[in-house]
Amino acid sequence: MTQLQLSDKLGVSDKTNSKGSYFMSKINTVIFDMDGTVLNTLDDLTMSVNYTMEKFGFPQRTLDEYRQAFGSGIRRAIELTVPDGTSQEVIDEMVPVFKEHYDVHCLDKTGPYVGIIELMRELKKRGYKMAIVSNKIDSAVKELNQKFFSEVIEVAIGEQDGIKRKPAPDMVVKAMDELGSSAEEAVYIGDSEVDFATAKNSSLPCISVLWGFRDKAYLEEIGANIFAKEPSDVLEILANWN
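Think of each chain on its own: its residues are numbered from 1, step by step along the sequence as written. For this predicted model, a pLDDT threshold of at least 70 governs which residues receive local features, and a threshold of 80 or more governs which side-chain atom pairs are given and counted, while totals over whole chains, interfaces and linings are taken from all residues. Calculated side-chain values reflect all of the structure's heavy atoms, with hydrogen atoms and water omitted.

Bringing the pattern of salt bridges into the picture now. Salt bridges are identified by distance alone: a Lys or Arg side-chain nitrogen within 4 Å of an Asp or Glu carboxyl oxygen. In this structure the tally under the stated criterion is 13 salt bridges. In this structure, the salt-bridge partner of Lys174 is Glu178, at a minimum N-O distance of 3.0 Å. Taken together, the residues Lys174 and Glu178, both in helix α8 (residues 170-179) and four residues apart, mark about one turn of the helix. Note on exposure labels: buried denotes an accessible area under 20% of the residue type's maximum, exposed denotes more than 50%, and partly exposed covers the range between, all computed with a 1.4 Å probe on protein chains only. With relative accessibility at 29%, the residue Lys174 sits in the partly exposed group. Notably, a salt bridge pairs Glu193 with Arg214, separated by 2.8 Å at the nearest N-O pair. Of this pair, Glu193 sits in helix α9 (residues 193-201) while Arg214 sits in the loop between β9 (206-209) and α10 (216-221), and the two are 21 residues apart along the sequence. The class for Arg214 is buried, based on a relative accessible area of 5%. The network of salt bridges with common partners includes Arg75, Arg76, Glu79 and Asp92. A helix here means a DSSP run of H or I that spans at least four residues, while a strand means a run of E at least two residues long, and both kinds are numbered starting from the N terminus.

What follows is the structure, given as structure tokens:
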């Protein structure tokens, strides 16, 4: 695929220099989603939500049921999986119960997807700046980043006061500011409809991964058109882009 063809597919407009020659801004920054993209967190998330459900006398759900609920933050996941008619006041009470349990158990079974560490190391070797942005609790994002990616990831941002959650662009903008990057130099990588919308709202091209919480058919339905079947595919996409 040529650089121009990739530009067309990503929906990024062409630019010309003062002499009218074609060029594109070089991508030097990669913004990753966390859950379902760089970390398989599904088991630990499921355990903590089910713990919370049990505490409130609600039926527990399966891992596959939760898979479709995660992506917009834990409150939204709880809203989608509690029994119909559950009040917002009860959900308000459930969220801190989840957070307390998850803070203790977020590392029980969680780990990087196969090939992710190698991808990040190669990106760093090639000079890319990297960040993680996630709708999960900021304390957990920073703890997980410190545990698994501290040698390669410079910035990790999670849900916190004063910053709108994805798909708003706020987390991405904050990450780019901390990295000293601009939207013209960055690409977003994620696994869900929330990630695709986040990239769009941040004016970034999006690479949608196929090892996470959503399948290709669903991602195509919501408009995604650049896919990585495995982490090494990201290197090929970026090489074509640059």
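Residue Pro167 follows Lys166 across a cis peptide bond; omega there is 20°. You can see Pro167 is positioned in the loop between β7 (155-159) and α8. The backbone of Ser203 shows a phi angle near 60°, a positive value even though the residue is not glycine. Residue placement: Ser203 occurs in the loop between α9 and β9.

Let us now look at the sheet that holds strand β3 (residues 29-32). Any two strands between which DSSP finds at least two bridges are classified as paired. The sheet built from six strands is open, its strands ordered β7-β6-β3-β8-β9-β10 with parallel pairing. Each having just a single partner strand, β7 and β10 (227-228) make up the two edges of the open sheet. In this sheet, strand β8 (residues 186-190) lies alongside β3 in parallel orientation, the contact comprising four bridges. From the neighbouring strand, Ile31 faces β8, where its bridge partner is Tyr188. Residue contacts are defined here by distance: any two heavy atoms, one from each residue, within 4.5 Å place the two residues in contact. The axes are straight lines fitted to the C-alpha atoms, using for helices just the contacting stretch, and the angles between their N-to-C directions are given from 0 to 180°. On top of the sheet, helix α7 (residues 138-148) reaches β6 (129-137) and β7; it is set at about 140° to β6, its chief contact.

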